[in-house]
Amino acid sequence: MARRVVVALLAPVRWTPPGIDPVRWRSALAEDLVDLLATLNEVETAVAVTPEDRWLADEVVWPGTAVYEVPEPTTDAVFAALTGYDQAAVVVADAPDVPGLTLGKLLRPLSSRPVAVAPVEGNGAGLLGVAARLPVPEWLPALDLDTTAPAEVRAAAPRPGDVAVTAGWRRLRGPADLATLDPAFEGWEATRALLSGQPG
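Criteria and cut-off values
Residues numbered from 1 in each chain as written. Predicted model: local features only at pLDDT ≥ 70, side-chain atom pairs only at ≥ 80, totals over all residues. Heavy atoms only, no water. Core = buried A, V, L, I, M, F, W, Y, C linked by side-chain atoms within 4.5 Å. Buried < 20%, exposed > 50% of the residue type's maximum accessible area, 1.4 Å probe, protein only. Contact = heavy atoms within 4.5 Å. Helix = DSSP H or I, 4+ residues; strand = E, 2+ residues; numbered from the N terminus. Pairing = 2+ DSSP bridges. Salt bridge = Lys/Arg side-chain N within 4 Å of Asp/Glu carboxyl O. Axes fitted to C-alpha atoms, helices over the stretch in contact; angles between N-to-C directions.

(A) Layout of the nonpolar core. Core analysis: the biggest nonpolar cluster contains 58 residues, and L10, F79 and L82 have the highest contact counts within it. Those residues in contact with F79 that lie beyond four places of it in its chain are A88, V90, V130, A132, L134, V136 and L140. If you look at the next biggest cluster of nonpolar residues, it comprises ten residues, including I20, W25, L181 and W188.

Quick look at the structure:
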């Protein structure tokens, strides 16, 4: 069986709701994503941070979770840091309520295709995450998860079919995204508590 890993890239987030401390917001988002990764089956999980953000990883990881320090918060840097895996997915830190099934679907196409991407739903461009067989294909361009569209990744591939586009999910990058959070949806406890003003 292929050895697979899902890595939460705890890069700086671009937006914080008004009235909320940016550090606490970033920590809540990271905590919820890491808690979600811990529920995934048949994959290993890890987080990636730059050295100056090691404090964030130490604050949110579960015991035994691998932490990769990368020189810059990019997918390229994360893929380069991984050894011993056959497949890897890198996901953004600002999707605290993403379903585990959505992340699982990001890895599924790698049995027949070298790369898969999950788009952002809702407002703005970018990706929720990217998955690849390792070593990463030479044609895969440097990806900016905040701006890259699936079509750009497909355009770089030898054949468009080499890149699977999987189910997407929203990222919390503005008031409109915040308004789509479903209080009845399970998960995102830390983000929920922070938004509701509960101490944490």
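Continuing now.
(B) Structural detail: the environment of G64. Here G64 shows up in the loop between α2 (54-60) and β3 (66-69). The class of G64 is exposed, set by a relative accessible area of 82%. Expressed as a C-alpha distance, the spacing of G64 and G161, which sit 97 residues apart in the sequence, is 37 Å.

(C) Broad picture of the pairing of strand β4 (residues 87-91). Most of β4 sits inside the fold, with five of its five residues counted as buried. Of the two faces of β4, the one lined by Q87, A89 and V91 and the one lined by A88 and V90 are each fully buried. Where β4 meets strand β6 (residues 127-133), five bridges bridge the pair, whose relative direction is antiparallel. Each bridged residue has a counterpart across the sheet, and for V91 the counterpart in β6 is G129.

(D) Broad picture of the pattern of salt bridges. Throughout the structure, instances matching the rule amount to nine salt bridges. E44 is paired through a salt bridge with R3; the nearest N and O atoms lie 2.6 Å apart. Taken together, the positions of E44 in strand β2 (residues 44-49) and R3 in the segment before β1 (4-9) put the pair 41 residues apart, joining distant regions of the chain. Ionic contacts of the salt-bridge type, sharing partners, join the residues R14, D94, D146 and R171 into one network.

(E) Up close: the sheet that holds β6. Read across the sheet, seven strands follow the order β3-β2-β1-β4-β6-β5-β7 without closing on themselves; strand pairing throughout is mixed. Of all the strands in the sheet, just β3 and β7 (163-165) have a single pairing partner and so form its edges. Neighbouring strand axes in the sheet, compared pairwise and without regard to direction, differ in orientation by 20° on average. Relative to β2, β1 runs parallel, the two sharing five bridges. The partner of V7 across the bridge, within β2, is A46. Against the sheet, helix α4 (residues 100-107) makes contact with β1, β4, β5 (115-119) and β6, and its axis sits at roughly 135° relative to β4, the strand it touches most.

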